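As a plain string of letters, each chain reads:
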Amino acid sequence: MSTPSVIESVLVENRVFEPSEAVMKGACISGMDAYSALCAEAATDFGGYWARLARENVVWSKPFTKTLDESNAPFYKWFEDGELNASANCLDKHMGTPNENKVAVIFEADGGEVTKTTYKELLAKVSQFANALKARGIQKGDRVLIYMPMTLEGVIAMQACARIGAIHSVVFGGFSAKAVQERIIDAGAVAVITSNFQMRGGKELPLKAIVDDGLGLGSCESIKTVMVFERTSTACNMVEGRDVTFTEALAGQSTECAPVMVGAEHPLFILFTSGSTGKPKGVQHATGGFVLWAKLTMDWTFDLRPDDVFWCTADIGWITGHAYVAYGPLAAGATQIIFEGVPTYPNAGRFWQMIERHKCSIFYTAPTAIRSLIKSAEADSKVHPDASDLTSLRILGSVGEPINPEAWMWYYKNVGHEKCPIVDTFWQTETGGHVITPLPGATPLVPGSCTLPLPGIMAAIVDEAGHDVPNGSGGMLVIKRPWPSMIRTIWGDPERFKASYFPAEMGGTYYLAGDGAVRSIDRGYFRITGRIDDVLNVSGHRMGTMEIESALVAKTDLVAEAAVVGRPDDLTGEAICAFVVLKRGVPTGDEAKAIAKQLRDWVAKEIGPIAKPKDIRFGENLPKTRSGKIMRRLLRSLAKGETITQDTSTLENPAILSQLGQAY
Ligand code: WT7
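Residues numbered from 1 in each chain as written. Predicted model: local features only at pLDDT ≥ 70, side-chain atom pairs only at ≥ 80, totals over all residues. Heavy atoms only, no water.

- The name given to the chain in an unreviewed UniProt entry is Acetate--CoA ligase, and the organism recorded there is Rhodoferax antarcticus ANT.BR.
- According to UniProt, the comment filed for the chain under the heading Sequence similarities (unreviewed entry) is "Belongs to the ATP-dependent AMP-binding enzyme family." (UniProt positions renumbered as here; feature names shortened; annotations may be inferred.)

Some points on the site of the ligand
Phase 1 of the analysis: In the vicinity of the ligand there are 17 residues, among which D424, T429, D515, R531 and R542 approach most closely.
Phase 2 of the analysis: Contact between the ligand and Q428: an oxygen atom at 2.9 Å from a side-chain N or O atom of the residue.
Phase 3 of the analysis: Contacts to the ligand include D515, whose side-chain N or O atom sits 2.4 Å from an oxygen atom.
Phase 4 of the analysis: Here the ligand has 550 Å² of accessible area as a free molecule, and 95% of this is covered by the chains. (Near = heavy atom within 4 Å. Polar contact = N/O pair within 3.5 Å; in protein donor to acceptor, adjacent residues only side chain to side chain. Areas by Shrake-Rupley, 256 points an atom, 1.4 Å probe, with all protein chains shown as cover.)

Looking at the side chain of T368
Phase 1 of the analysis: By the element assignment, T368 lies in helix α14 (residues 367-379).
Phase 2 of the analysis: In contact with T368, not counting residues within four places along its chain, are E401, S539, G540, L571 and T572. (Helix = DSSP H or I, 4+ residues; strand = E, 2+ residues; numbered from the N terminus. Contact = heavy atoms within 4.5 Å.)

Focus: the state of the cysteines
Phase 1 of the analysis: With the rule as written, the count across this model stands at zero disulfides.
Phase 2 of the analysis: C28 takes part in no disulfide bond, and the closest cysteine sulfur to it belongs to C39, at a distance of 14 Å.
Phase 3 of the analysis: Looking at C90, it has no disulfide partner, and the nearest cysteine sulfur is the one in C161, 13 Å off.
Phase 4 of the analysis: Residue classification places C90 among the buried residues on the basis of a relative accessible area of 1%. (Disulfide = S-S within 2.5 Å. Buried < 20%, exposed > 50% of the residue type's maximum accessible area, 1.4 Å probe, protein only.)

So, the pairing of strand β4 (residues 103-108)
Phase 1 of the analysis: Counting buried positions along β4 gives five out of six residues, so the element sits mostly inside the fold.
Phase 2 of the analysis: Bridging between β4 and strand β5 (residues 114-118) involves five bridges; their strand directions are antiparallel. Within β5, the position partnered with I106 by the bridge is K116.
Phase 3 of the analysis: The hairpin formed by β4 and β5 contains five residues between the paired strands, and G112 there has a positive phi angle of roughly 110 degrees.
Phase 4 of the analysis: Judged from the four bridges that link them, β4 and strand β17 (residues 335-339) form a sheet pairing that is parallel. (Pairing = 2+ DSSP bridges.)

Details of unusual backbone geometry
Phase 1 of the analysis: Cis geometry is found at the peptide bond from A73 to P74, where omega equals 5 degrees.
Phase 2 of the analysis: Structurally, the position occupied by P74 is in the loop between β1 (68-69) and β2 (77-78).
Phase 3 of the analysis: Put simply, Y345 and P346 share a cis peptide bond, and its omega is -5 degrees.
Phase 4 of the analysis: By the element assignment, P346 lies in the loop between β17 and α13 (350-358).
Phase 5 of the analysis: One non-glycine residue, S219, lies in positive phi territory at about 60 degrees.
Phase 6 of the analysis: Tracing the chain through its elements places S219 in the loop between α9 (208-216) and β11 (225-229).
Phase 7 of the analysis: Residue classification places S219 among the partly exposed residues on the basis of a relative accessible area of 49%.
Phase 8 of the analysis: At D303, a position not held by glycine, the phi torsion is positive, near 50 degrees.
Phase 9 of the analysis: Considering the arrangement of structural elements, one finds D303 in the loop between α11 (287-300) and β16 (309-312).
Phase 10 of the analysis: Relative accessible area serves as the criterion here: at 3%, D303 is assigned to the buried category.

Remarks on the nonpolar core
Phase 1 of the analysis: Counting residues in hydrophobic clusters, the biggest one holds 121 residues, and the most contacted among them are F129, I193, W300 and Y327.
Phase 2 of the analysis: It is helix α7 (residues 152-164) that provides the largest number of residues to this core, a total of nine residues.
Phase 3 of the analysis: L145, I184, V228 and F618 belong to the second largest nonpolar core, which has 41 residues in total. (Core = buried A, V, L, I, M, F, W, Y, C linked by side-chain atoms within 4.5 Å.)

Concerning the packing of helix α4 (residues 46-57) against α11
Phase 1 of the analysis: Across the interface, α4 lies against α11 with an axial gap of 10 Å and an inter-helix angle of 85 degrees. On the basis of their axis angle, the class for α4 and α11 is roughly perpendicular. Contacts from Y49, W50, L53, A54 and N57 in α4 reach L292, W293, K295, L296, D299 and W300 in α11.
Phase 2 of the analysis: Classifying every residue of the contact of α4 with α11 gives eight nonpolar, one polar and two charged. (Axes fitted to C-alpha atoms, helices over the stretch in contact; angles between N-to-C directions. Parallel < 35°, antiparallel > 145°, perpendicular 65-115°, else oblique. Nonpolar A, V, L, I, M, F, W, Y, C, P; charged D, E, K, R; others polar.)

Here's the deal with the packing of aromatic side chains
Phase 1 of the analysis: Applying the stated criterion across every chain yields a total of 41 aromatic pairs.
Phase 2 of the analysis: Between the aromatic rings of F46 and W50, the centroid separation amounts to 6.3 Å while the plane-to-plane angle is 80 degrees, which identifies the pairing as edge-to-face. Of this pair, F46 and W50 are both found in helix α4, four residues apart, which corresponds to roughly one turn of the helix.
Phase 3 of the analysis: When its relative accessible area of 0% is taken as the criterion, W50 is described as buried.
Phase 4 of the analysis: Taken together, the aromatic side chains of F46, Y49, W50, W60, F64, W78, F79, W293 and W300 make up a single cluster linked through ring pairs.
Phase 5 of the analysis: When the ring centre of Y525 is taken as reference, the NZ or CZ atom of R523 above it lies at 5.7 Å. (Phe/Tyr/Trp six-rings, centres within 6.5 Å; stacked < 30°, edge-to-face > 60°. Lys NZ or Arg CZ within 6 Å of the ring centre and 35° of its normal.)

This is how it looks when you write it as structure tokens:
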């Protein structure tokens, strides 16, 4: 059990890093009194508080008169009668201001080429792309699947959809053809925006071919258009009448396009994420609330200043790339870095070299990246952060998974030189933006803790019945009141939305995050202890165990039964461990290795390479109770390599434990 040890570490962690005067000076929220004042405002006048923030931070073409409608909870509506456009809030609003000719995006390609695009230029590009979408018949409310590399063009495609009120659904470029097909069907998408190839680590990898394969799997008749970015000069298959290159689609299109104003609740996007069942959930976000929170958290969490150079390393295929690449930095008027490649190419010093090259001042990345770069830096001083000039850095951020105190300290010392606060931001695809995080100019930092909720986020730790648990006791993380950037529903499945996130036993209005957490006794600081459902976090990527199990048993010629659990991993946080019963009996030695490889390749094809199990263990059966339930706790112990001390007397066939002891 990992929970008690994590709780213990919260209780024993006594390092505290107070914000220095230098970081507090001029900060957006400076000092804990300023933080507390905002919390008090939210507590005393919840509606008035959010209305004020929404008026101050969002450009409305039609002002809202109603702040929050709770009449059909948990289907909350925010700023419902207001109208706006997300792209206008990111681009048009800067025209005629000093930001007009400011660099919006510094793009660095995999191979190192750098291009800079100002706000004015970006507006022209987005508008032209929006016109190209309209010319292909794409309209407000249509769903558009985006399967793009991490390029400026990916962001332009998202912004262009938002500009005409089309709903984008970005699928990470590492997902498989089957995943693309399933998401097209679920979203009922009318178009796909993709690229011929993507460049990663010096390699040219296909993307369009995967889209073709996905469409070829069937039931994708809704797709009328495939727009293909020519990332490289290599040709790819083009289907007459359906497929069009960016060059063809943009030819002759005007660089002006009036944004389509939409109601605040109009869906801005759908983003699929893993849940506890085999089928990924299409998380639906609303325009007004999402734009508000993306903009405001740029100011609050990152304390964004006019001359900052902001860099979030997340891919646009994840929620972090939505809130803190495609929308937030633009809505806040920042200069941001967009990086196409991988942190280890051409060497593992790439991040540090890029911070120096572009004078990055706010750097936001994932613990997995930090942990792997620690390893490389310690093995080779040439790729150590010390080999680069990192004096431009002001603020560091972490996102996606718990950051262990050792990695936190290394990041703090070696990257931030003990001058840069680390904001350990806890949030989820569903929360639409940060919910629990330190504020750089206010919150005393404790390594490994995401500290306190943002003002207005009514986070708490409760038991199964929804009662608060005392500090120091573990429980379930909930948010008791709605907030503007929250998930609105699961696309096409409102019942699943209610059942997944608003447990009836807690009264039906508490948002259940799916994470366990504990608050420290002294400060009430939150620490996330990990998922409490069947969701794994592998390198900050969310994976459902059931999803991987379904993929394995779909290999019907080989697999009879499969169970998947997570185990702790020093580098990736958690690793995927699959227990497999083959139809042909238990393989050993080279045969087992070969079959394990075959199964990994199969999972990569079904879901994507990120879902490949690290360990595969074979047995003639899975450990089950006499009533036939798979003993997952036992599997988790086996996966960790623990000696089994649990009572196995209820096991139908205790002998299989030794077979399952070998990982391939
Ligand atoms: C899950 C959400 C947050 C955007 C990227 C991931 C875990 C996320 C933290 C953090 C501890 C974290 C949680 C959460 N998580 N941030 N700072 N500390 N755990 O979004 O794919 O929806 O995953 O990531 O388990 O539930 P996601």
